[in-house]
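# A look at the structure
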Amino acid sequence: MRGKLYGIGVGPGDPELLTLQAVRLIRSCDAVAVPGKKKEETTAYQIVLQAVPEICNKECLALDMPMTKDATKLEASHSAAFAILKVALDQGKDVAFLTLGDPCIYSTYIYMHQRAVAAGYETQMISGIPSFCAASARLNQGLVEKSQMLHIIPSIYGIEEGWKLPGTRVLMKTGKKLRQVKARAQQEISQGKQLQVSMVENCGMEGERIYQDAKELPEEAGYYTLLVIKEET
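What counts, and where the lines are drawn
- Residues numbered from 1 in each chain as written.
- Predicted model: local features only at pLDDT ≥ 70, side-chain atom pairs only at ≥ 80, totals over all residues.
- Heavy atoms only, no water.
- Core = buried A, V, L, I, M, F, W, Y, C linked by side-chain atoms within 4.5 Å.
- Buried < 20%, exposed > 50% of the residue type's maximum accessible area, 1.4 Å probe, protein only.
- Helix = DSSP H or I, 4+ residues; strand = E, 2+ residues; numbered from the N terminus.
- Contact = heavy atoms within 4.5 Å.
- Expected span 1.5 Å × (residues − 1).
- Phe/Tyr/Trp six-rings, centres within 6.5 Å; stacked < 30°, edge-to-face > 60°.
- Lys NZ or Arg CZ within 6 Å of the ring centre and 35° of its normal.

### Considering the nonpolar core
Soluble globular proteins: nonpolar side chains tend toward being buried together. Core analysis: the largest hydrophobic core is formed by 20 residues, its most contacted members being Ile 8, Val 10, Ile 26, Val 48, Ile 55 and Leu 98. Of all elements in the fold, only strand E1 (4-9), helix H1 (20-28), strand E2 (31-34), helix H2 (43-51) and strand E4 (95-99) reach the threshold of two or more residues within this core. Excluding anything up to four places from it in sequence, Ile 8 contacts Ala 22, Leu 25, Ile 26, Ala 96, Phe 97, Leu 98, Thr 99 and Ile 126. Judged by nonpolar contacts, the second largest core, of 17 residues, contains Met 65, Ala 88, Phe 97 and Tyr 109.

Here it is, written out as structure tokens:
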């Protein structure tokens, strides 16, 4: 009998944001999988370790899945990673793939999920708290109200089109574009546009930083940087 693959969202960083369902399944699975060369260097694993310390005794499948836009490299790394998962699943092992945030939102897991489904394996996704919800809570503000629209924009692929959208824009992983975003927001505010600009870096993790105003934003920030830009009504 083949094992089952679980894509488990571990939330944005704070181990207390792990769901009870996630904890239960991590404990019950025969093995865990992490997107990295070493489990000790994988953020998702380090989050879970704080809440489920016994995970260190489980078999861990380290899947080297580098972050790149090169389609050829992506395909090769994803195929190699799934080959490792397939061995464990064919041995009848249930595997918990740990992924930051929620597995349905820009997650590394989804590439393994798609391959597993196509190959006929049983799969299940376990929701985790998305980073933009956790960040909004840390900012102590709501994301949207009434008829406002919410737009989630992956900044590493560009922000030009997303910037034009009305309502609330969440710019995810904005560290490398922070100077550009800050300049544009301040320019629009100086021209009379009513914008509320907030930012959380490393939400729920060590080194968390919170900014409540466009003028406060630094020129540089780390990879796990999220901006919330709201049109004031």
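Still more ground to cover, so stick around.
### Re helix H7 (residues 178-190)
Given a rise of 1.5 Å per residue, 13 residues ought to cover 18 Å, and the 18 Å separating the end C-alpha atoms of H7 matches this to within 8%. The inward-facing, buried residues of H7 abut helix H6 (160-163), strand E7 (168-172), strand E8 (195-201) and strand E10 (225-231). Immediately beyond the C-terminal end of H7, within one or two residues, lies Gly 192, with a positive phi of roughly 100°.

### Remarks on the packing of aromatic side chains
For the structure shown, the criterion picks out 3 aromatic pairs. Taking the centre distance of 6.2 Å and the plane angle of 80° together, the rings of Phe 82 and Tyr 121 count as edge-to-face. One end of the pair, Phe 82, is in helix H3 (residues 71-90); the other, Tyr 121, is in the loop between helix H4 (109-118) and strand E5 (122-126), and 39 residues separate them in sequence. Each of the two residues, Phe 82 as well as Tyr 121, counts as buried. When the centroid spacing of 5.4 Å and the interplanar angle of 55° are considered together, the rings of Phe 97 and Tyr 109 count as tilted. Here Phe 97 is found in strand E4, whereas its partner Tyr 109 is found in helix H4, with 12 residues between them in sequence. Given a relative accessible area of 0%, Tyr 109 falls into the buried group. Positioned above the aromatic ring of Tyr 121, the side-chain terminus of Arg 2 is 3.8 Å from the ring centre. Stacked on the ring of Trp 163, the Lys or Arg Arg 169 has its end atom at 5.2 Å from the ring centre.

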